[in-house]
Amino acid sequence: LLRLVNGNDCAGRLEVLYNGTWGSLCSNRMSQLTAVTVCKQLGCGDGGEIAADLKYGRGSGPLWLDHIECTEQHSSLWHCQSDPWYPQSCNGREEETHITCTGRKEATSPAAFAECPNSTSCSDREKLQVIGGEDECSGRVEIWHQGSWGTICDDTWDMADANVVCRQLGCGSAVSALSEAAFGQGTGPIWLEEVHCKGTELSLWNCPAKPLFGKNCDHKEDAAVNCSGYMGTARVCRGEYLILYLLHLHFHSDPPRRPATGSTRLSVPVILCIILGILLCLVLAILAGQIRRARAQQR
């Protein structure tokens, strides 16, 4: 989401990724404190300065942000105050931001970048969770970014966004898209606002959204979901698969050769038990879904 280009990892023209497009940042009102914040965020030491005279060349993408003002209390550019996102935030390329940091990135293992919660590689599913609900399919939506779990602001949060989250979690479709910290307030960063999913995306990461700059949102506005699926139902049904597997072994394994007995007749009760087990599993799944919908409507 943030990089320095046309120089090296720790010096260059400052760019951010927004709505899938890299663009520059304008330098109006920008102080050395903002440069220091960027350098720290990129792991390029504790010092930096704004380079003059378009030292690292002109950009070609949008000019996304202007009037960015960081203070000593800010540990990330995403927390600093700025004007709203706009593709022509300043008058021209001569106002693009160029930064030179005093340090260099140290060689680190992939795990040091904390791209995943529990390992050095992970899927989008593992970087998404819901917290505070009754099960793994309802709660406050949290995403993993920059080494920590954070929430999503409920601005523009709707059923299309909730459907993408529920599907990504393996929890069926959305019953409701909840706002105003319906499952309690989070405590970490608020990573995103104004998520705009169409509802057909396979992952929340494929939806347009804004990184949260400044204090436009607080944890009273944490987004949440209620999904129709219940992951616990899958656990109930695992016994069904075990029974079917045992039945497969019973009929397809090669038993020791011996005189025919009444074993075929004895298998009839086993088959009846399997059928009853499957029916019971389906009934439990239907009841679990109805209970969840009733609770969601009560909220």
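This structure is a prediction, so every number in the text was calculated from the model and none was measured.

(A) View of the overall build of the protein chain. Check the secondary structure of the protein chain and you find 4 helices and 13 strands. Per-residue burial over the protein chain gives 43% buried out of 299 residues.

(B) Molecular detail of the state of the cysteines. Under the counting rule described, the total for this entry stands at 8 disulfides. Here Cys137 engages in a disulfide with Cys171; their sulfurs sit 2.0 Å apart. Its torsion about the S-S bond being -70°, the disulfide of Cys137 and Cys171 is classed as left-handed. Within this pair, whereas Cys137 is found in the loop between β7 (128-132) and β8 (138-145), its partner Cys171 is found in the loop between α2 (159-169) and β10 (174-178), the two being separated by 34 residues in sequence. Cys171 matches Cys137 in its accessibility class, with the two residues each being buried.

(C) Looking closely at the packing of aromatic side chains. Evaluation of the coordinates by the stated rule reveals 4 aromatic pairs. Measuring from centroid to centroid gives 4.8 Å for Tyr18 and Trp64, while their planes differ by 85°, and the two rings are edge-to-face. With Tyr18 in strand β2 (residues 11-18) and Trp64 in strand β5 (residues 63-65), the pair connects residues that are 46 residues apart, well separated along the chain. Accessibility assignment for this pair places Tyr18 and Trp64 in one class, buried. Taking 5.4 Å as the distance between ring centres and 70° as the angle between the ring planes, the aromatic pair formed by Trp144 and Trp149 counts as edge-to-face.

(D) Geometry of the pattern of salt bridges. Scanning the entire structure with this criterion turns up 5 salt bridges. Residue Arg3 is joined to Glu15 by a salt bridge in which the shortest nitrogen-to-oxygen separation is 2.8 Å. On the criterion of sequence distance, the pair formed by Arg3 in strand β1 (residues 2-8) and Glu15 in strand β2 is long-range, its members being 12 residues apart. Here Arg13 ties to Glu15 by a salt bridge, and the two come within 3.0 Å at their closest N and O atoms. Glu15 gets classed as buried once you look at its relative accessible area, which sits at 6%. By sharing partners, the salt bridges in this structure join Arg3, Arg13 and Glu15 into a single network.

(E) Region of the structure containing the environment of Gly184. Note on placement: Gly184 falls in the loop between β10 and β11 (190-193). Exposure remark for Gly184: the relative accessible area of 30% places this residue in the partly exposed category. It is 8.2 Å that separates the C-alpha atoms of Gly184 and Lys220, two residues lying 36 residues apart in sequence.

(F) A look at the pairing of strand β3 (residues 21-25). In this structure, β2 lies alongside β3, joined through 4 bridges in antiparallel fashion. In the sheet register, Leu17 faces β3, and the bridge partner there is Trp22. The antiparallel hairpin formed by β2 and β3 contains 2 residues in its connecting segment, where Asn19 sits at a positive phi of about 55°.

(G) Structural view of the pairing of β7. Relative to β8, β7 is paired through 5 bridges, and the arrangement is antiparallel. Following the sheet pairing, Val130 is matched in β8 by Val141. Here β7 folds back onto β8, and the loop between the two strands holds 5 residues.

(H) Layout of the nonpolar core. Residues Ile152, Val195, Leu204 and Val225 are the most contacted members of the largest nonpolar core, which totals 47 residues. In terms of residue count, α2 provides more of this core than any other element does, 5 residues in total. Here this core gathers at least three residues from each of two domains, domain 1 (2-101) and domain 2 (124-227). If we skip the residues at most four places from it in the chain, Val195 touches Ile152, Asp155, Thr156, Trp157, Asp161, Leu204, Cys207, Pro208 and Ala209.

What counts, and where the lines are drawn
Residues numbered from 1 in each chain as written. Predicted model: local features only at pLDDT ≥ 70, side-chain atom pairs only at ≥ 80, totals over all residues. Heavy atoms only, no water. Helix = DSSP H or I, 4+ residues; strand = E, 2+ residues; numbered from the N terminus. Buried < 20%, exposed > 50% of the residue type's maximum accessible area, 1.4 Å probe, protein only. Disulfide = S-S within 2.5 Å. Phe/Tyr/Trp six-rings, centres within 6.5 Å; stacked < 30°, edge-to-face > 60°. Salt bridge = Lys/Arg side-chain N within 4 Å of Asp/Glu carboxyl O. Pairing = 2+ DSSP bridges. Core = buried A, V, L, I, M, F, W, Y, C linked by side-chain atoms within 4.5 Å. Domains from an automatic or database assignment. Contact = heavy atoms within 4.5 Å.

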